[in-house]
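# Architecture and fold: a report
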Amino acid sequence: MQQPSDAGYEAALVAVPEQLWREIEDSLAVLPASTAGNEWKGGHETRPGVHHFPYIQYSPGVELLRTQLDRSGVLLPYDWVHWHGRSTHTDADSLRRAPVADAVRYLVGLLRNERFNEGALDAELRVGGVAAALGNTSA
């Protein structure tokens, strides 16, 4: 898989329409309240021997932010599983100080990880990683 360069991510960020950035920033401003609406469902036996796997239903605010990020065009695919930054950028502080391209890589990896680890996005929203990465990219 071709790895986007830092310049590739930076160019994608510059290409995001100003109106969409405003929408993302508006979503970010209400994000703490939005995560309160995330709700775990399932995780129970529906009939003897049949279990419904637990899943998270994200609030409309979180779903809106996911849609906005998809529309932005900055979520360029890369080999997120083997990205060195997963061990380097482990908290909100490190994401605020990270190179801008790494902040985007973090977001891409997080959204891809959610497909395999239900609730990964919720956990990062609650500890501030998403807000720190987005604040870094819009600065």
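Residues numbered from 1 in each chain as written. Predicted model: local features only at pLDDT ≥ 70, side-chain atom pairs only at ≥ 80, totals over all residues. Heavy atoms only, no water.

### Looking at the packing of aromatic side chains
If you walk through the whole model with that rule in mind, you get two aromatic pairs. Ring geometry for Tyr 78 against Trp 83: centres 6.1 Å apart, planes inclined by 85°, an arrangement best described as edge-to-face. Of the two residues examined, Tyr 78 and Trp 83, each falls in the buried class. (Phe/Tyr/Trp six-rings, centres within 6.5 Å; stacked < 30°, edge-to-face > 60°. Buried < 20%, exposed > 50% of the residue type's maximum accessible area, 1.4 Å probe, protein only.)

### Points about the pattern of salt bridges
A complete count under the given rule lists eight salt bridges for this structure. Its salt-bridge partner being Arg 105, residue Asp 6 comes within 2.9 Å of it at the nearest N-O pair. Of this pair, Asp 6 sits in helix α1 (residues 6-14) while Arg 105 sits in helix α7 (residues 100-114), placing them 99 residues apart in sequence. Through salt bridges with shared partners, a single network forms among Asp 6, Asp 102 and Arg 105. (Salt bridge = Lys/Arg side-chain N within 4 Å of Asp/Glu carboxyl O. Helix = DSSP H or I, 4+ residues; strand = E, 2+ residues; numbered from the N terminus.)

### Description of the nonpolar core
Across soluble globular proteins, nonpolar side chains have a tendency to be buried as a group. Formed by 36 residues in total, the largest nonpolar core has its most connected members in Tyr 106, Leu 121, Val 130 and Leu 134. The leading source of residues in this core is α7, at eight residues. With residues up to four places along the chain from it excluded, the contact list for Val 130 reads Leu 31, Leu 65, Tyr 106, Leu 107, Leu 110, Leu 121, Glu 124 and Leu 125. (Core = buried A, V, L, I, M, F, W, Y, C linked by side-chain atoms within 4.5 Å. Contact = heavy atoms within 4.5 Å.)

### Here's the deal with the layout of surface pockets
In this approach, a probe sized like a water molecule rolls over the atoms, and the result shows the empty space that is left. The computed volume of the largest pocket comes to approximately 230 Å³. The leading source of residues in the lining of the largest pocket is α7, at five residues. Looking at side-chain class alone, the lining of the largest pocket contains six nonpolar, four polar and four charged residues. (1 Å grid on protein atoms, 1.4 Å probe; cavity = no way out; pocket = protein on both sides within 12 Å on 5 of 7 lines; lining within 4 Å. Points joined across faces, edges and corners; volume = space filled by probe spheres on them. Nonpolar A, V, L, I, M, F, W, Y, C, P; charged D, E, K, R; others polar.)

### A look at the environment of Glu 114
Here Glu 114 lies in helix α7. Assessed through its relative accessible area of 6%, Glu 114 is described here as buried. In this structure Glu 114 touches Ile 56, Tyr 58, Arg 66, Gly 119, Ala 120 and Leu 121, once residues within four positions along its chain are discounted. Within polar-contact distance, the side chain of Glu 114 engages the backbone nitrogen of Leu 121 at 2.7 Å. (Polar contact = N/O pair within 3.5 Å; in protein donor to acceptor, adjacent residues only side chain to side chain.)

### Quick notes on empty space enclosed by the protein
Throughout the structure, instances matching the rule amount to one cavity of 30 Å³ or more. Here the largest cavity defines a volume of roughly 50 Å³. What lines the largest cavity is Val 62, Leu 65, Arg 66, Leu 69, Leu 107, Leu 110, Leu 111, Leu 121, Leu 125 and Val 130. Elements that contribute at least two residues to the lining of the largest cavity include exactly α4 (60-72), α7 and α8 (120-127). Broken down by class, the residue content of the lining of the largest cavity amounts to nine nonpolar, no polar and one charged.

### Structural notes on the confidence of the model for the chain
Close reading of the predicted structure is inappropriate where its pLDDT is low. This prediction gives the chain a mean pLDDT of 90; 99% of its residues lie at or above 70. Considering each helix and strand of the chain separately, the mean pLDDT is smallest for helix α3 (residues 31-35), with a value of 79, and largest for strand β4 (residues 55-57), with 94. (pLDDT = per-residue confidence, 0-100.)

### Some thoughts on α1
If you check which residues of α1 are buried, you get Tyr 9, Ala 12 and Leu 13. The buried residues of α1 occupy an angular sector of 100° when the element is viewed end-on, so they sit on one face. Of the surrounding elements, those touching the buried residues of α1 are α2 (18-29), α7 and α9 (129-138). (Arc of directions from axis to C-beta.)

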